[in-house]
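Given next are the chains, with one letter for each unit.
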Amino acid sequence: MEAIDYTAPKTLDEALKVMADHGDRARVLAGGTDLLVQLRGGRRSADIVVDSKFVPELNELSYDAQKGLTIGAAVPCCTIYEDQAVESNYPGLTDCASLIGSIQIQGRATIGGNLCNAAPSADSIPSIIALGGVANVVGPKGARQVAAEDFCTAPGRNVLEPGELLVSISLPAPQAHSGANYLRFIPRNEMDIAVAGVGSSVILDSSGQNFVSGRIALASVAPTPVFSKAAGDSLAGKPVSEATIDEAAEKAMADAKPITDMRGTIKQRVHLVGVLTRRTLNTAVKRARGEE
Amino acid sequence: MPGLVHVETTINGNQVNFLCEPRQSLLECLRDVLGMTGTKEGCNDGNCGACTVLLDGRIVTSCLVLGVEAQGKEVTTIEGVASPEGLHPVQQAFLENASLQCGICTPGFIVATKALLDREPDADEGRIRHWLAGNLCRCTGYDKIVRAVLDAEEKMKS
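Values in this document were obtained by computation on a predicted structure and should not be read as measured data.

Considerations on the environment of serine 102 of chain A
Piece 1. Looking at where serine 102 of chain A falls in the secondary structure, it is placed in the loop between helix H5 (91–97) and helix H6 (103–106).
Piece 2. The spacing of serine 102 of chain A and glutamate 190 of chain A is 88 residues in sequence and 7.5 Å in space, taken between C-alpha atoms.
Piece 3. Dropping the residues within four chain positions of it, serine 102 of chain A is found in contact with Met191 of chain A together with Gly49, Ala133 and Gly134 of chain B.

Next comes the structure, spelled out in C-alpha cells:
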C-alpha cells in the first residue's frame with residue numbers, strides 16, 4: 001500500500017473539516033474490509049484515511065417505535081445482528097448483516113460501508129431499499145437525505161460529493177402486519193459473492209390475507225442494486241396467493257439486467273431473481289403474519 | 001510523507017508500545033514491527049483467516065485492520081492462547097486429532113475456535129463449520145479440524 005496518513009476525528013465537525021481539506025484525496029475508514037483491500041490493490045488511492053469509528057453520530061444504533069431505526073455508518077454487522085430490537089423489528093436487516101463475509105469480516109464490516117462501496121452484489125443494499133431506507137449525508141453544503149435506491153450510481157460509485165460523509169441510514173418504523181426477508185444464491189454455503197440476491201418487504205392488511213404494499217430490490221443483476229418498483233407495486237391490494245407472488249416475480253425478472261460473468265450467466269441470474277423473489281415474499285408474508 | 005505513529009495497545013494482556021506507518025496493517029505490525037510471527041499472512045485481503053486475532057474480544061482478520069487502529073484496544077494473538085502451564089485444550093485437541101499438515105492456517109483456526117468455544121461451549125458441528133467458514137485450510141479437508149473442535153469442547157468441560 002502507498003503511504004497514507006491517518007486521522008481519527010472525535011466529532012462530526014472535525015471529520016468534515018478533514019474531508020473538506022482533502023476533498024477526494026480523503027477516504028472514510030469504517031470497517032476497512034473493502035477500503036484497505038482496494039488501497040492495497042491500487043484500485044483506490046488516498047492521501048489520508050479518516051477513521052469514522054470515533055464520531056458519535058456514526059456509531060449510533062438506536063430504535064424508536066415511532067422514529068424507526070438509525071444505523072450509524074460505522075456500526076459493524078455483528079452489532080446489528082446481535083441487537084434484540086433489530087432482530088424483532090427488522091429481521092430482513094438481520095438476514096443480510098449475518099451473511100456478509102465471515103464472522104471475522106462481520107466484526108468489522110459496516111452496512112454504511114456496504115452502501116458507500118456500492119458493489120452491485122452488496123448484500124445489505126436490497127434489504128435497505130426494500131425497508132425504505134434513507135441515507136443521511138452531511139457535507140460542506142449542509143445535510144441532505146438520499147433514498148437508498150438513489151444512492152449507488154455505478155459499480156463502486158455513489159452520490160457522495162467530495163467532502164461529503166454518510167452519517168447514518170434511517171429505516172422507518174415497521175408498520176403493523178409487515179415483514180421482510182433477504183436471500184441470495186451462492187454456490188457455496190458461506191463466504192461468497194451473490195450470483196443474485198433479492199430483498200423483499202411487505203405490509204399486509206389486518207386479516208393477513210391481502211397485500212397492502214410491497215417493496216422489492218435486487219442484487220448482482222445490474223451495474224447498481226435495482227429497486228424493482230413494478231414488482232413491489234404489483235402486490236398492492238391483491239390477495240396473498242401464488243398467482244400474486246408469481247406476477248411480482250415476473251416483474252422483478254423483467255427489471256433484472258444482468259451480465260454473464262464468472263459467477264453466473266444472464267439466463268441463470270434472471271431465473272434466480274424469480275426464485276428468490278417468490279421465496280423472500282413467502283418468508284416476508286410469514287413474518288408479517290407472525291408465523292416466523 | 002506521513003511519519004511514524006506511536007501506538008499504545010494491549011497485546012495478550014501486556015501493555016505494548018510501538019511505532020508504525022499509518023499504512024501498515026495490524027498483521028504487519030505484529031510480525032514485522034513486534035516480531036510476533038505466530039500470526040500468519042495468507043491472502044492479505046481478508047479471505048483466508050490465517051491472520052485471525054481478537055480485537056476487543058471479537059475475531060478479525062488482522063490484515064484488514066490498520067496497526068494504528070490498535071491504539072487503546074486489546075489484542076489477543078495465538079501467542080496469548082497457551083498458558084505457562086501448557087497448551088490450551090484447543091491446541092491440545094488440534095495436536096491429538098492431527099488437524100494440521102502445513103500449519104500455516106492453524107494459528108488462525110485456533111484463535112477463531114477458542115473465541116467460539118468461549119462464547120458457545122456447546123456449539124454443534126453445523127455451528128462450528130459456519131463459524132470457521134472464514135478460515136481456509138488447503139491440507140486437511142476440514143474434517144479433522146471439526147473433530148478437534150468437538151474434542152476441545154469435551155476437554156474444556158472436564
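Next comes the rest of the write-up.
Quick look at unusual backbone geometry
Trans peptide bonds make up the majority, and among non-glycine residues the majority have a negative phi.
Residues and elements named next belong to chain B.
Piece 1. Located in the positive-phi region is asparagine 12, a residue other than glycine, with phi close to 50°.
Piece 2. Counting through the fold element by element, asparagine 12 comes out in the loop between strand S1 (5–11) and strand S2 (14–20).
Piece 3. Taking the C-beta count within 10 Å as the criterion, asparagine 12 has 16 such neighbours and is therefore assigned partly exposed.
Piece 4. Unlike most non-glycine residues, alanine 98 shows phi in positive territory, near 50°.
Piece 5. Inspection of the secondary structure puts alanine 98 in the loop between helix H2 (89–96) and helix H3 (106–119).

Describing the pairing of strand S10 (residues 165–171) of chain A
Residues and elements named next belong to chain A.
Piece 1. Within S10, six of the seven residues are buried, leaving the element largely enclosed by the surrounding structure.
Piece 2. Bridging between strand S5 (residues 68–72) and S10 involves four bridges; their strand directions are antiparallel. Each bridged residue has a counterpart across the sheet, and for isoleucine 71 the counterpart in S10 is isoleucine 169.
Piece 3. Here strand S6 (residues 134–139) runs beside S10; their pairing, made up of five bridges, is antiparallel. Counted as the bridge partner of valine 134 is serine 170 from S10.

A look at the sheet that holds S6 of chain A
Residue and element names in this part refer to chain A.
Piece 1. If you trace the five strands from one edge of the open sheet to the other, you get S4-S5-S10-S6-S7, paired in antiparallel fashion. This sheet does not close on itself; its edge strands, each paired only once, are strand S4 (61–64) and strand S7 (142–147). In this sheet, neighbouring strand axes are inclined to one another by 20° on average, regardless of whether the strands run parallel or antiparallel.

The rules behind the values
- Residues numbered from 1 in each chain as written.
- Chains lettered and ligands numbered in written order.
- Predicted model: local features only at pLDDT ≥ 70, side-chain atom pairs only at ≥ 80, totals over all residues.
- Helix = DSSP H or I, 4+ residues; strand = E, 2+ residues; numbered from the N terminus.
- Contact = placed C-beta atoms within 7 Å.
- Buried ≥ 20, exposed ≤ 12 C-beta atoms within 10 Å, placed from the backbone.
- Pairing = 2+ DSSP bridges.
- Axes fitted to C-alpha atoms, helices over the stretch in contact; angles between N-to-C directions.

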